[in-house]
Amino acid sequence: NAGVTQTPKFQVLKTGQSMTLQCAQDMNHEYMSWYRQDPGMGLRLIHYSVGAGITDQGEVPNGYNVSRSTTEDFPLRLLSAAPSQTSVYFCASRARGLVDEKLFFGSGTQLSVL
Amino acid sequence: AQSVTQPDIHITVSEGASLELRCNYSYGATPYLFWYVQSPGQGLQLLLKYFSGDTLVQGIKGFEAEFKRSQSSFNLRKPSVHWSDAAEYFCAVGASNFGNEKLTFGTGTRLTIIP
């Protein structure tokens, strides 16, 4: 199993550009989520999904959009990138929506917005 | 709302020495508690978790953690650290009520091992 796959690993954007961070999992997990990691702030939840067609906001959703059309994929869209969105982004999934399940993380996407 | 505090930003210990990383949580009911580890350039990996029962839980790589309700703490320990334990460690708390799927992470503790 590949687990949780994130692409790209690195990306540089100019302010105002748009892009999509891809996340795919091959474990048939119902729950998928996006976190951003910033120095001194740990991981903060952006958006999450408990199944295809169902998404909800996390702690820091502004500036990001998500959709969940399939169980496998959970892309994160930046419609108009801002320097404040410079961060490392992690996608994570778990088997079910309940929080007691183990989270599986991707290896991250390092995004710089100039 | 749940929250987690990791008071130590950076800890340095000698190889072979014991280790304790502190974690304090805030949650109104019995929480789900986790410790994750992140090696440089990698995603997070689960070390151990606590839901109920025995308050001392064993994890992978020789780590253990103790849940103390009276102190709202879930400290991570290891009797003898190895150079490969150098990483960043995150404590996390989740709600125990169905319908609340969010996991809240602390700000992390970076562990440096000196020979």
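First, a word on scope: everything that follows refers to the structure included in this document. Nothing here was measured: the structure is a model prediction, and the numbers come from that model.

1. A word on the overall build of chain B
For chain B, the helix and strand inventory stands at zero helices and twelve strands. Walking chain B from its N terminus toward its C terminus, one meets helices and strands in the order β-β-β-β-β-β-β-β-β-β-β-β. Its C-alpha atoms give chain B a radius of gyration of 14 Å, near enough to 13 Å, the size a compact globule of 115 residues would have. Dimensions of chain B along its principal axes, counting C-alpha atoms only, are 45 × 30 × 20 Å. The buried share among the 115 residues of chain B stands at 46%. Restricting to contacts in chain B with at least 6 residues of sequence separation, those with at least 24 account for 55%. In the form shown here, chain B has an accessible surface area of approximately 5400 Å², with 50% of it arising from carbon and sulfur atoms. Measuring between centres, the 9 positive side-chain charges of chain B sit 4 Å from its 9 negative side-chain charges.

2. Brief notes about the pairing of strand S5 (residues 32-38) of chain B
Looking along a regular strand, one sees the side chains alternate between the two faces of the sheet. Residues and elements named next belong to chain B. When you tally the buried positions in S5, you get seven out of seven residues, the bulk of the element. The two faces of S5 match: Tyr32, Phe34, Tyr36 and Gln38 on one face and Leu33, Trp35 and Val37 on the other face are all buried. In this sheet, strand S10 (residues 87-94) lies alongside S5 in antiparallel orientation, the contact comprising seven bridges. Pairing of Tyr32 across the sheet is with Gly94, part of S10. In this structure, S5 lies alongside strand S6 (residues 44-50), joined through six bridges in antiparallel fashion. Across the sheet, the residue bridging to Val37 is Gln45, located in S6. Between the end of S5 and the start of S6, which pair antiparallel, lie five residues, with Gly41 showing a positive phi angle near 75 degrees.

3. A look at the pattern of salt bridges
It is possible for side chains bearing opposite charge to pair when their charged atoms get close. Throughout the structure, instances matching the rule amount to seven salt bridges over all chains. Salt-bridge contacts for Arg22 of chain B lead to Asp8 of chain B; the nearest nitrogen and oxygen are separated by 2.8 Å. Of this pair, Arg22 of chain B sits in the loop between strand S3 (19-21) and strand S4 (24-26) while Asp8 of chain B sits in the loop between strand S1 (3-5) and strand S2 (10-14), and the two are 14 residues apart along the sequence. Each of Arg36, Asp38 and Arg44 of chain A takes part in salt bridges that share partners, so that together they form one network.

4. Regarding unusual backbone geometry
The omega angle of the peptide bond from Thr7 of chain A to Pro8 of chain A is -5 degrees, so this bond is cis rather than trans. Within the secondary structure, Pro8 of chain A is located in the loop between strand S1 (4-7) and strand S2 (10-13). A positive phi angle, close to 60 degrees, is found at Lys61 of chain B, a residue other than glycine. Within the fold, Lys61 of chain B resides in the loop between strand S7 (56-58) and strand S8 (64-68). Not every positive phi belongs to a glycine, and Ser72 of chain B is a case in point at roughly 50 degrees. Inspection of the secondary structure assignment puts Ser72 of chain B in the loop between S8 and strand S9 (73-78). Judged by its relative accessible area of 26%, Ser72 of chain B is partly exposed.

Analysis parameters
Residues numbered from 1 in each chain as written. Chains lettered and ligands numbered in written order. Predicted model: local features only at pLDDT ≥ 70, side-chain atom pairs only at ≥ 80, totals over all residues. Heavy atoms only, no water. Helix = DSSP H or I, 4+ residues; strand = E, 2+ residues; numbered from the N terminus. Rg over C-alpha atoms; globule rule 2.2 N^0.38 Å. Buried < 20%, exposed > 50% of the residue type's maximum accessible area, 1.4 Å probe, protein only. Contact = heavy atoms within 4.5 Å. Areas by Shrake-Rupley, 256 points an atom, 1.4 Å probe, with all protein chains shown as cover. Lys, Arg positive; Asp, Glu negative; His and termini not counted. Charge placed at Lys NZ, Arg CZ, Asp CG, Glu CD. Pairing = 2+ DSSP bridges. Salt bridge = Lys/Arg side-chain N within 4 Å of Asp/Glu carboxyl O.

That's the geometry; what it means functionally is another story.
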